[in-house]
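Residue strings, one per chain:
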Amino acid sequence: MKQVVAGLFLTSTLFALVSIPDTGQDQCFDNDGKISCPKKGVPFYGQDANYVTAQPSYKDNGDGTVTDLVTGLMWTKEVDDTKLSLQEAYLKAKRTHTGGYDDWRVPTIKELYSLIDFRGYTGFTNDNASRSKVPSNSIPYINTDYFDFKYGRQNERFMDAQWLSSTKYVSATMHDMETLFGVNFADGRIKGYGYEKIGTDSVRKKFYVRYVRGTSEYGKNVFTDNGDGTLTDESTGLMWTMQDSAKAMNWKEALRYAQNLKYAGYNDWRLPNAKELQYIVDYTRSPDTTDSPAISPLFKLTPIVNEAGQKDYGYYWTSTTHLDGPKKYTQAAYVSFGRAIGKMRGRVMDVHGAGAQRSDPKEGTATFHGPQGDAIRSKNYVLCVRGGVYKTFSGSHTPEKDRYPYLLNIQKNNDKQETHMQRGFSPREERGPQNEKNRFISRLDKDGDGRVSRREFDGPPDGFEHFDRNKDGYIDKTEAPFGPPRTLRK
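Predicted, not measured: the structure shown is a model, and the values here were computed from it. (Residues numbered from 1 in each chain as written. Predicted model: local features only at pLDDT ≥ 70, side-chain atom pairs only at ≥ 80, totals over all residues. Heavy atoms only, no water.)

### Examining unusual backbone geometry
Using the following cut-off: Only DSSP runs of H or I with at least four residues qualify as helices, and only runs of E with at least two residues qualify as strands; both kinds are numbered from the N terminus onward.
At Ala-246, a residue that is not glycine, the phi angle is positive and equals roughly 70°. Mapped onto the elements, Ala-246 comes out in the loop between β14 (238-241) and α3 (251-260). Positive phi, close to 55°, is recorded for Ala-264, a residue that is not glycine. Locating Ala-264 in the fold gives a position in the loop between α3 and α4 (274-278).

Structure, rendered in C-alpha cells:
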C-alpha cells in the first residue's frame, strides 16, 4: 500500500494550477460537542481539523482591495448597503475602478465560496420570533479582519446576508423559478435562490455583491482517468475515488469508512472538507437537464429515489462540522450532487439546486426542517479524496493571539444591527442583577452560544440541576444566578 510519509503527502502533479484554501476549521467535534482532535484509529478521526491544508491567508492592499494569497484572486474589501440584481451587478462591475483596476467581475460560485470560513456560527437566541436582531454570539463565515460584512438589512431577517455569484442553476427551483447560486456568509451555506419567475420579470432577488479580478482558472476541473478506479483533478492535484460508497451512512460512519478505505493501492484516503468537495461540482449539469448528478460524468454516483419519488442523486458528506443554531455541534456540511430537496406548502420539490451546500444532523432520522423544509436525511453518501499538500493534526489547537473570533468591522446600517466584540461578548455594563447574570454566562460560556451547558458548568452537579429550571440541559440568562457559582474544590 502507498502511504503518507511522516504525515505529509505531496501530490505527484507538480503543476497544479490552483490551491484550494482550507476551511479555517481548527477544532474537532463528535456528534454533540467539541473534543480534542482524535488520533488515527480513534472514533471521529479524519474530520476537517485533523488535516491542515493551505491555510487561508490575505493581504489588505490598503487601496480598497484584498488579495487572497492562496488563490491569487483579488477582491473588493467594501460592501455596499444596496443589494443588487445580477444585471445591476454586471453593470456596476464595469463601472468599478477600485484600486485603480478596471477588470472587476462578478465571481463564480466556486470563486466566492473560496472565501468561506467554517469557524463561523449562525448564532442562537431564545427569542426565535426575533429573526431580525443579530444574535450577540453570531460570527460571520468570512474573515472580517479583511472583508467588510453586513447582515440582513432593515425589514429583513438578520441571516439574509446572501452574496451574489454569476453562476446560474441550469435547471429551476420551486418548480419554475430561474435560480442563481449564492453564498450566505451569515449561515455558512451555498443555496440556489429563486431569482426570477420564468416568463415574467415580476420577481428579481437582490444580493450583496463583492467583486473579484485575477486568474480565471480557479474552479475549472481537469480530470484524468487513472485507469484504476480513481480520477485526478490536474487543476488541484487531488485524487478522487471514481465510485462512491454505494450506501448512505451517518457522519461518524462516513469518517470511519474513508479512514479504513484501501483502494487502488492507496490507504491514505480521507473524507474531503467542504471546500474540496464543492470544488468538483459541475454546475453545468443537473438531474433535470442532463439526467445526471452535478459532477463530471467520469464519476459513477449511486442513483437514489428522492422524497418526491423521482430518480435523483444523493447528498455527500464532508468532514466539516457546520455550526448552526441551538444544537451547535450536531450538524456536518454536505454537498448535494442531486436536487437539494425541500417541502414547502405540502409540496416536495427542488428548493436550492444541485450543487448546493447545506448541512445535516450527524445522526438522526429522516424528516423536513426549516423555512424551505429542507429534506433532512442524516445518512448520506461518501466520495473519498487523497493527495495535495497537507499535514495531519491531533490534540488541542493553541489559538493564536488576535486571530479568532475576528473583530467584526461591520458598520451599523440600521437600528437592529450590532457590532460584535471579541468572542461575541458584550461590553462591560453597569452592575445590577441582570448584568450579574450576564457575567455568569460570559464567564462559563466557552462555545459562545449564549448559554451554559452541563459540560461548561464548573459548579456542583446539584447546582446545575437547581439552576436549569426548564430541564433543557442549559442555563440561559433567564435562569442564571446573581453572580458566579462556586468552583468545585478538589
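### Some words on the sheet that holds strand β13 (residues 230-233)
Going by this rule: Criterion used throughout: strands pair if DSSP finds at least two bridges between them. To obtain each axis, a line is fitted to C-alpha atoms, and for helices this fit is confined to the stretch in contact; angles are then taken between N-to-C directions over 0 to 180 degrees.
The strand order across the open sheet built from four strands is β12-β13-β14-β24, with neighbouring strands paired in antiparallel fashion. The sheet terminates laterally at β12 (223-225) and β24 (385-387), the two strands that pair on one side only. Taking the axes of each pair of neighbouring strands and ignoring which way they run, one obtains an average angle of 30° across the sheet.

### Some points on the pairing of β14
This is how the line gets drawn: Buried residues are those whose accessible area, probed at 1.4 Å on protein chains only, stays under 20% of the maximum for their type, while exposed residues exceed 50% and partly exposed ones sit between those limits.
Along β14, one buried face is formed by Leu-238 and Trp-240 and the opposite face, lined by Met-239 and Thr-241, is buried too. Pairing of β13 with β14 involves four bridges; the strand directions are antiparallel. When the bridges of β14 are listed, Thr-230 appears paired with Thr-241. What sits between β13 and β14 in their antiparallel hairpin is a turn of four residues, with Gly-237 showing a positive phi close to 85°. Two strands pair when backbone bridges link them, and β14 and β24 are joined in this way by three bridges, in the antiparallel orientation. Opposite Leu-238, over in β24, you have Gly-387 as the bridge partner.

### Observations concerning the packing of aromatic side chains
Keep this limit in mind: Any Phe, Tyr or Trp ring, taking Trp's six-membered ring, that has another such ring centre within 6.5 Å forms a pair; planes under 30 degrees apart are called stacked, those over 60 apart edge-to-face, and the others tilted. Two conditions define a charge sitting above a ring: the NZ of Lys or the CZ of Arg must be within 6 Å of the ring centre, and it must be within 35 degrees of the ring normal.
Using the criterion set out here, one finds 23 aromatic pairs in the structure. Here the aromatic rings of Tyr-193 and Phe-207 are separated by 5.8 Å at their centres, their planes lie at 75°, and the arrangement is edge-to-face. A residue pair is termed long-range when its members are at least 10 positions apart, and Tyr-193 in strand β10 (residues 189-197) and Phe-207 in the loop between β10 and β11 (212-213) qualify at 14 residues. Classification of Tyr-193 as buried rests on a relative accessible area of 8%. Across from the ring centre of Phe-207, 5.5 Å away, lies the NZ or CZ of Lys-205, which sits over that ring.

### Some remarks on the environment of Tyr-218
How we decide: We call two residues in contact whenever any of their non-hydrogen atoms come within 4.5 Å of each other.
Relative to the elements of secondary structure, Tyr-218 occurs in the loop between β11 and β12. Assessed through its relative accessible area of 5%, Tyr-218 is described here as buried. Remark: the alpha-carbon pair of Tyr-218 and Ser-19, spanning 199 residues in sequence, is separated by 8.4 Å. Those residues in contact with Tyr-218 that sit more than four places away from it in its chain are Val-18, Ser-19, Ile-20, Pro-21, Thr-71, Leu-73, Lys-110, Glu-111, Ser-114 and Tyr-279.

### Topic: the side chain of Thr-65
Counting through the fold element by element, Thr-65 comes out in strand β6 (residues 65-68). Those residues in contact with Thr-65, other than ones at most four positions away along the chain, are Lys-59, Asp-60, Met-74, Trp-75, Lys-77, Thr-98, Gly-99 and Trp-104.

### Points about the confidence of the model for the protein chain
Going by this rule: Known as pLDDT, the predictor's per-residue confidence is scaled from 0 to 100.
Per-residue confidence for the protein chain gives a mean pLDDT of 85; residues scoring 70 or more make up 81%. Confidence over residues 399-403 falls short of pLDDT 50; this stretch has five contacts with residues more than four positions distant or in other chains. Considering only residues more than four positions removed or in separate chains, one finds that residues 483-490, a stretch of pLDDT under 50, has 16 contacts.

### Some details on the state of the cysteines
Put simply, the test is: In plain terms, two cysteine sulfur atoms within 2.5 Å form what is called a disulfide here.
Evaluated as defined, the whole model comprises one disulfide. Sulfur-sulfur distance for the disulfide between Cys-28 and Cys-37 comes to 2.1 Å. Its S-S torsion of approximately 95° makes the covalent link between Cys-28 and Cys-37 right-handed. Given the relative accessible area of 5%, Cys-37 is considered buried.

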